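One-letter residues, chain by chain:
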Amino acid sequence: MRELIWFPCEGDTLAGTLDDAAGGTGLLIVSGGNEIRCGAHRGMALLAAELAADGVPVFRFDRRGIGDSEGANYGYAESGPDIAAAAQAFRTVAPNVKRIVGFGNCDAATALALFHRAAGIDSLVLANPWIGDEDDGMPPADAIRSHYADRVRDPKQWLRLATGGINIGKAIKGLRKVSKGTPQPGNPIAEQMATALGDTPHRFLLANRDNTAMRFAGLWPYGGDKRECATDSHSFARPGDAQWLAAQLREALG
């Protein structure tokens, strides 16, 4: 059964949604970017209903300034109190939940890595963590390599090249970036995440042709349990992606 929950956070009232079930391990979903709690293409709402039908309680919420919640939106970097308030509300409305797994995509994954301890979250599933954008406005070098490798294998792209359908200037800029071969400097967001994660059980879920995921993979030197989905969809919206994501979460919840 799905229930709308209202709960406090530093003087504001936030909106949450509980998909209730009898299990002792619950999933707290944190939305990425400025998405409301249903997620892209209603993906998080559909995922919550599916997992609750399997006996997993699922709690989703809008952080301050988003969706149905009050307050000002200061972005993921200031969302620690929101996550802690949501975890507390989850425990209150679902007292059967003794263990909480946090799940987030993009900067929600980053926020969970940074702020989960204060919220008392026991383990994490972090999808396509955001660790900043490229300074040059280009995709990551690995993304460029993958893109042009696909094009070389496609005869239609050779025809586009011959008829002027490909932006030569952009292609040259991308190839120059790939050919630089200089080592990437340390990434401060990745360093903060690694420090905050410590010994908390966690796994990474990466859409292996998504720019954000490829940038993370290229700048994350700390190892860990990484699972890859063969998709370019940042929100796991391609055919088969949702089933893969649900399977990964079931394993983590188990």
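So, a few notes on the structure that sits alongside this text. Starting from 1, residues in each chain are numbered consecutively following that chain's sequence as written. Totals for whole chains, interfaces and linings use every residue, but because this is a predicted model, local features are given only for residues with pLDDT of at least 70 and side-chain atom pairs only at 80 or more, for both listing and counting. Excluding hydrogens and water, the side-chain values take into account all heavy atoms of the structure.

1. Structural notes on the overall build of the protein
Part 1: By the criteria applied, helices consist of DSSP H or I runs no shorter than four residues and strands consist of E runs no shorter than two, each listed in order from the N terminus. For the protein, the helix and strand inventory stands at 9 helices and 8 strands.
Part 2: Counting over 254 residues, the protein shows a buried share of 46%.
Part 3: Contacts were defined at the residue level, with two residues in contact if any of their heavy atoms lie within 4.5 Å. Here the analysis covers contacts within the protein between residues at least 6 apart in sequence; of these, 66% occur between residues at least 24 apart.
Part 4: Each accessible area value is a Shrake-Rupley result obtained with a 1.4 Å probe; residue values ignore everything except the protein chains displayed when judging cover. Counting only carbon and sulfur atoms, one obtains 54% of the accessible surface of the protein, whose full area is about 12200 Å². Throughout this description, buried means an accessible area under 20% of the type-specific maximum (1.4 Å probe, protein chains only), exposed means over 50%, and partly exposed covers the range between.

2. Here's the deal with the packing of helix 1 (residues 43-53) against helix 9 (residues 241-253)
Part 1: Orientation of helix 1 relative to helix 9, taken along the N-to-C sense of each, is 50 degrees, at an axis distance of 11 Å. Considered as vectors, helix 1 and helix 9 are oriented oblique to each other. Considering only the axes of helix 1 and helix 9, their crossing is right-handed. Here Leu47, Glu50 and Leu51 of helix 1 lie close against helix 9, whose contacting residues are Leu245, Ala246, Leu249, Arg250 and Leu253. Axis lines are fitted through C-alpha atoms, for helices just across the contact stretch, and the angle between N-to-C directions can take any value from 0 to 180 degrees. In what follows, roughly perpendicular refers to angles from 65 to 115 degrees, roughly parallel to angles under 35, roughly antiparallel to angles over 145, and oblique to any angle outside these ranges. Helix crossings are classified by the rotation of the near helix relative to the far one: an anticlockwise turn of less than a right angle makes the crossing left-handed, while a clockwise turn makes it right-handed.

3. Points about the environment of Ala15
Part 1: Relative to the helices and strands, Ala15 resides in strand 2 (residues 12-19).
Part 2: Given the relative accessible area of 0%, Ala15 is considered buried.
Part 3: Taking C-alpha positions, Ala15 is 8.3 Å from Glu70, a pair spaced 55 residues apart along the chain.
Part 4: Non-local contacts of Ala15, meaning those with residues more than four positions away in its chain, are made with Ile5, Trp6, Phe7, Arg37, Arg60, Phe61, Asp62, Asp68 and Ser69.

4. Quick notes on the side chain of Ser31
Part 1: Examined against the element boundaries, Ser31 turns out to sit in the loop between strand 3 (25-30) and helix 1.
Part 2: Contacts described as polar in this section are N or O atom pairs within 3.5 Å, which, within protein, must combine one atom able to donate a hydrogen with one able to accept it, while residues neighboring in sequence count only if both atoms come from side chains. In this structure the side chain of Ser31 is engaged in a polar contact, spanning 3.2 Å, whose partner is the backbone oxygen of Ile36.
Part 3: Ignoring sequence-local partners within four residues, the contact set of Ser31 consists of Ile36, Arg37, Phe61 and Ala108.

5. Overview of the pairing of strand 5 (residues 99-105)
Part 1: The element strand 5 is extensively covered by neighbouring structure, given that 6 of its 7 residues are classed as buried.
Part 2: As paired elements, strand 3 and strand 5 share 6 bridges and run parallel to each other. By the bridge assignment, Val30 is partnered in strand 5 with Gly104.
Part 3: Across 5 bridges, strand 5 lies against strand 6 (residues 123-127) in parallel orientation. Considered in strand 6, the bridge of Asn105 is made with Ala127.
Part 4: Place the viewer so that the strands point away; then a crossover is right-handed whenever the path from the first strand over the helix to the second strand goes clockwise. Traced from strand 5 through helix 3 (residues 107-119) to strand 6, the parallel crossover comes out right-handed. Strand pairing is assigned whenever DSSP detects at least two bridges linking the two strands.

6. Some words on empty space enclosed by the protein
Part 1: Here a cavity denotes grid points, spaced 1 Å and computed from the protein atoms alone, that fit a 1.4 Å probe unable to get out, and a pocket denotes an open set having protein on both sides within 12 Å along at least 5 of 7 lines; residues with an atom within 4 Å of a point are the lining. Grid points are joined across faces, edges and corners, and a volume is the space filled by probe spheres set on the points. One pass over the structure, following the stated rule, counts 2 cavities of 30 Å³ or more.
Part 2: The calculated volume of the largest cavity comes to roughly 90 Å³.
Part 3: Together, 13 residues line the largest cavity, and Val30, Ser31, Gly33, Phe61 and Arg63 are the ones closest to its centre.
Part 4: Just so you know the grouping, Ala, Val, Leu, Ile, Met, Phe, Trp, Tyr, Cys and Pro go in nonpolar, Asp, Glu, Lys and Arg go in charged, and all remaining residues, Gly too, go in polar. Here the residues of the lining of the largest cavity are counted per class, giving 6 nonpolar, 3 polar and 4 charged.
Part 5: Roughly 40 Å³ of volume is contained in the second largest cavity.

7. Here we look at the packing of helix 3 against helix 7 (residues 188-197)
How two helices sit against one another is set out by the angle between their axes and by the gap between those axes.
Part 1: Where helix 3 meets helix 7, the closest approach of the two axes is 8 Å, and the angle between their N-to-C directions is 40 degrees. Judged by the twist between their axes, the crossing of helix 3 over helix 7 is left-handed. Contacts from Thr110, Ala113, Leu114, His116 and Arg117 of helix 3 reach helix 7 at Ile189, Gln192, Met193, Ala196 and Leu197.

8. Some thoughts on the side chain of Arg63
Part 1: Here Arg63 lies in the loop between strand 4 (58-61) and helix 2 (80-93).
Part 2: Just so you know, the count uses Lys and Arg for positive and Asp and Glu for negative, and it drops His and the chain ends. What counts as a salt bridge is simple: a side-chain nitrogen of Lys or Arg found within 4 Å of a carboxyl oxygen of Asp or Glu. No salt bridge is formed by the buried Arg63. Its closest oppositely charged neighbour is Asp107, at 5.0 Å.
Part 3: Of note is the side chain of Arg63, whose polar atom sits 3.2 Å from the side chain of Asn34.
Part 4: Only 3.0 Å separates the side chain of Arg63 from the side chain of Asn73, close enough to count as a polar contact.
Part 5: If near-sequence neighbours (up to four positions away) are discounted, Arg63 is found in contact with Leu14, Gly33, Asn34, Ser69, Asn73, Gly75, Tyr76, Ser79 and Asp82.

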